[in-house]
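Notes for the structure review
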Amino acid sequence: MFVYTWYQWLLFFFLYCFIGWIIETTYVSVRSLHFVNRGFLRLPLLPLYGSGAIIMLWLSLPVKGNIVMVFLFGMAGASILEYITGYLMERLFKMKYWDYSKNPFNINGYVCLGTSIAWGFLTIILTEVVHRPLEWLVLSLSDTVTISLVIVIAIVFLIDTVISVKEALDLGRILESMTKLKAELEEVQVQISLLKAETTQKVSEFKNETMVKITNLKTETATVIKESALMERLQSLTENKEKMTGYFSFHRKGILRRNPTASSKFFGDALNELKEYSKKYKKS
């Protein structure tokens, strides 16, 4: 058992990606009380589940028949995979596409005890129940049919992966730019407030002195020019921020809708703003 050709392994991978999508989408949709198309990709495939299933099958080989060891090996292997995947995705895309920070016994929000235990039970169900009919189905196909299916699915899968990675990278850049723009906006607003306060203070100090009135007039003129420049800068930054939100295309909104628990320790405020914008977009 579990001795297959490379193309059979690939077909198993895609099948378990699809089964994982069904499980994850059903679970999140029930919790959210509305349909949520889960996943990083737009296709109904979750590579994490496909990779996890293959790892579970490989790890269960040495301990096949020992349910306890199958549980422990599957739990450990899938949890390590989930942690590494979450860590790398956050470093690459500046976001956590799943976040267990609020769950007890979590490790940096990438894994938690509850999901690790679930992975262990899934390994038992996978090896003892689910895989047997799938194995019969895949082995009943001719090599030509299997290879053809794998090639077609792989091409579509790779295209979707390239597009989704590009959209995710763009989303990360948008979050970074929005955060910088927000900081600049706040800095300009502070400068305008300080400038107004400074002008008011000078006028109040020298309001009865004729010579100083001329100085004040010059000062006020310089202040008006400086304030005008700051206001122009403020308007420019505001317009740039609106343009940045406009770059938040349909597919980038879809990334957030498919991952409602996504978080970012780098650009949290910008991410929350885009989440709210995504909700408004969906309603409109």
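Going by the structure above, here's the rest.
Let me begin by describing the structure that accompanies this report. Just so it is clear, the structure is predicted and the values come from calculations on it, not from any experiment.

**Focus: helix 1 (residues 6-32)**
Residues that lie three or four places apart on an α-helix share one face, since the helix turns once every 3.6 residues. Its 27 residues place the ends of helix 1 38 Å apart at the C-alpha level, agreeing with the 39 Å of an ideal helix rising 1.5 Å per residue. Of the residues one or two after helix 1, Leu33 is the one with positive phi, at around 65°.

**What about the packing of helix 2 (residues 47-60) against helix 4 (residues 113-140)?**
Their axes nearest at 10 Å, the elements helix 2 and helix 4 cross at an angle of 75°. Viewed along their axes, helix 2 and helix 4 adopt a mutual orientation that is roughly perpendicular. In this structure, helix 2 uses Tyr49, Ala53, Met56, Leu57 and Ser60 to contact helix 4, whose residues at the interface are Trp119, Thr123, Leu126, Thr127 and His131. Grouping the amino acids of the contact of helix 2 with helix 4 by side-chain chemistry returns 6 nonpolar, 4 polar and no charged.

**Some remarks on helix 3 (residues 67-93)**
In this model helix 3 runs 38 Å from its N-terminal to its C-terminal C-alpha over 27 residues, within 8% of the 39 Å that 1.5 Å per residue would give. Along helix 3, the residues classified as buried are Val70, Phe71, Gly74, Gly77, Ala78, Ser79, Leu81, Glu82, Gly86, Met89, Glu90 and Phe93.

**With respect to the environment of Leu274**
Mapped onto the secondary structure, Leu274 falls in helix 8 (residues 268-283). Note on Leu274: relative accessible area 0%, which makes it buried. For the pair Leu274 and Leu171, spaced 103 residues apart in sequence, the C-alpha separation works out to 9.9 Å.

**Observations concerning the nonpolar core**
Core analysis: the biggest nonpolar cluster contains 46 residues, and Phe12, Tyr16, Phe40, Met95, Tyr97, Leu171 and Leu175 have the highest contact counts within it. Going through the elements one at a time, helix 1, helix 2, helix 3, helix 4, helix 5 (143-205) and helix 8 are the ones with two or more residues in this core.

**Considerations on unusual backbone geometry**
Phi at Lys94 takes a positive value of approximately 65°, unusual for a residue other than glycine. Tracing the backbone through its elements, the reader meets Lys94 in the loop between helix 3 and strand 1 (106-107). Non-glycine residue Phe105 carries a positive phi angle of around 55°. Of note, Phe105 is situated in the loop between helix 3 and strand 1.

**As for the packing of aromatic side chains**
Under the criterion given, the structure shown has 16 aromatic pairs. Between Tyr83 and Tyr110, the aromatic rings sit 4.9 Å apart at their centres with planes inclined by 80°, giving edge-to-face as the arrangement. Within this pair, whereas Tyr83 is found in helix 3, its partner Tyr110 is found in the loop between strand 1 and strand 2 (111-112), the two being separated by 27 residues in sequence. What makes Tyr83 partly exposed here is its relative accessible area of 25%. Judged by relative accessible area, Tyr110 falls into the buried class, the value being 4%.

**Considering the pattern of salt bridges**
Overall, the coordinates contain 6 salt bridges when judged by the stated rule. Residue Asp160 is joined to Arg42 by a salt bridge in which the shortest nitrogen-to-oxygen separation is 3.6 Å. Separated by 118 residues along the polypeptide, Asp160 in helix 5 and Arg42 in the loop between helix 1 and helix 2 bring together distant segments of the chain. Among the ionic pairs, Lys166 bridges to Asp170, the shortest N-O distance being 3.2 Å.

**Quick notes on the environment of Asn66**
If you trace the backbone, Asn66 turns up in the loop between helix 2 and helix 3. Along the backbone, Asn66 and Ile124 are 58 residues apart, and their C-alpha atoms lie at a distance of 9.9 Å.

**What about the packing of helix 2 against helix 3?**
How two helices pack is summed up by the angle between their axes together with the distance between the axes. Here helix 2 crosses helix 3 at 145°, and the two axes come no closer than 9 Å. In this structure, helix 2 crosses over helix 3, and the sense of that crossing is right-handed. Contact residues: helix 2 offers Leu48, Ser51, Gly52, Ile55, Met56, Leu59 and Ser60, while helix 3 offers Val70, Phe73, Gly74, Gly77, Ala78, Leu81, Glu82 and Thr85. Class assignment for the residues of the contact of helix 2 with helix 3 results in 8 nonpolar, 6 polar and 1 charged.

Cut-offs used in this document
- Residues numbered from 1 in each chain as written.
- Predicted model: local features only at pLDDT ≥ 70, side-chain atom pairs only at ≥ 80, totals over all residues.
- Heavy atoms only, no water.
- Helix = DSSP H or I, 4+ residues; strand = E, 2+ residues; numbered from the N terminus.
- Expected span 1.5 Å × (residues − 1).
- Axes fitted to C-alpha atoms, helices over the stretch in contact; angles between N-to-C directions.
- Parallel < 35°, antiparallel > 145°, perpendicular 65-115°, else oblique.
- Contact = heavy atoms within 4.5 Å.
- Nonpolar A, V, L, I, M, F, W, Y, C, P; charged D, E, K, R; others polar.
- Buried < 20%, exposed > 50% of the residue type's maximum accessible area, 1.4 Å probe, protein only.
- Core = buried A, V, L, I, M, F, W, Y, C linked by side-chain atoms within 4.5 Å.
- Phe/Tyr/Trp six-rings, centres within 6.5 Å; stacked < 30°, edge-to-face > 60°.
- Salt bridge = Lys/Arg side-chain N within 4 Å of Asp/Glu carboxyl O.
- Left-handed = near helix turned anticlockwise from the far one by under 90°.

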